[in-house]
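Observations on chain architecture
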Amino acid sequence: MNTNPKLTLAKKLAITVAATALTAGLAGATAPATAAPAGPAAECGVRSDGKLYCGNRAGAKGYEHRSYASAVRGQMNTTFSWFSCWGRGDSHPGGNNIWYWTKLDNGQWGNMAAVDVHTSVDPAPGLREC
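Read on for a plain summary of the structure. Keep in mind that what you see is a predicted model, and the values were worked out from it rather than measured.

So, how was this worked out
Per chain, residues are indexed from 1 in the order of the written sequence. For this predicted model, a pLDDT threshold of at least 70 governs which residues receive local features, and a threshold of 80 or more governs which side-chain atom pairs are given and counted, while totals over whole chains, interfaces and linings are taken from all residues. The side-chain numbers reported here are obtained from all heavy atoms of the structure, hydrogens and water having been left aside. Only protein chains enter the accessibility calculation, which uses a 1.4 Å probe. A residue is then buried if its area is under 20% of the maximum for its type, exposed if over 50%, and partly exposed in between. The way it works is that DSSP assigns letters per residue, a run of H or I at least four long becomes a helix, a run of E at least two long becomes a strand, and they are numbered from the N terminus. A strand pair is defined by DSSP finding two or more bridges across the two strands. Take the buried Ala, Val, Leu, Ile, Met, Phe, Trp, Tyr and Cys residues and link them wherever side-chain atoms come within 4.5 Å; each set so joined is a nonpolar core. Pairs of residues are marked as contacts when any of their non-hydrogen atoms sit within 4.5 Å. Fitted lines through C-alpha atoms serve as axes, helices being fitted only where they are in contact, and the angles separating the N-to-C directions of these axes extend from 0 to 180 degrees.

A closer look at the pairing of strand β8 (residues 109-113)
Counting buried residues along β8, four of its five residues qualify, which places the element largely inside the surrounding structure. One ladder, built from five bridges, connects strand β7 (residues 98-103) with β8; its direction is antiparallel. Paired with Trp-101 across the bridge in β8 is Asn-111.

See the structure below:
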C-alpha cells in the first residue's frame, strides 16, 4: 500500500477531474445547446434571415399549389423546419387558408398548410407574404 500523501492527493484530484468531465459530457449528450427544439412548445418565430423557424408535423405533405388538390411535391419528415414566406390558398382543417412555402426534405419546394406548422397565429408575424 502506498502511503505517500502527494500521490494520494494526485489520485483524488485525477478522479475528481474525470468525474466532473464525465458528468459534463453526459449533460451535454442529453441536452445539447445547439439542438433545435421540436414540437408545438418549440421555438416558432422569424429569425434575422427573414425565415420562419418552427416545429411542424412529421410526414406533412408539400403541394405544388396552395391546395390539397394540387400535385404533392414531397413531404417533411423532420419536425423542425424553416419557411420562406406565406400565402393564401384553399381552406384547410386548421380553420384558415394560410400556406407556408418551404424546401421539403426531398429538396423540392412546396406549400404546406398552416395546420401542419406549429404556429400560434397564422400568418406568422414578421414573415413576408409571397
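Looking at the nonpolar core
For soluble globular proteins, nonpolar side chains are generally found buried alongside one another. Leu-52, Phe-83, Tyr-100, Met-112, Val-117 and Leu-127 are the most contacted members of the largest nonpolar core, which totals 14 residues. For this core, the secondary-structure elements that each account for two or more residues are β2 (52-55) and β7. Contacts of Phe-83, omitting those with residues within four sequence positions, involve Lys-51, Leu-52, Cys-54, Asn-56, Tyr-100, Trp-101, Thr-102, Met-112, Val-117 and Leu-127.

Re the sheet that holds strand β5 (residues 80-83)
Reading across the sheet, the three strands line up as β1-β2-β5 and stay open at both edges, with antiparallel pairing between neighbours. A single partner strand is all that each edge strand has here, and the edge strands are β1 (44-46) and β5. On average, adjacent strands in this sheet sit at an angle of 20 degrees to one another, irrespective of strand direction. Bridge count for β1 against β2 is three bridges, and the pairing is antiparallel. Each bridged residue has a counterpart across the sheet, and for Cys-44 the counterpart in β2 is Cys-54.

Thoughts on unusual backbone geometry
A cis geometry characterises the amide bond from Asp-122 onward to Pro-123, with omega recorded as -5 degrees. For Pro-123, the location among the structural elements is in the segment after β8.

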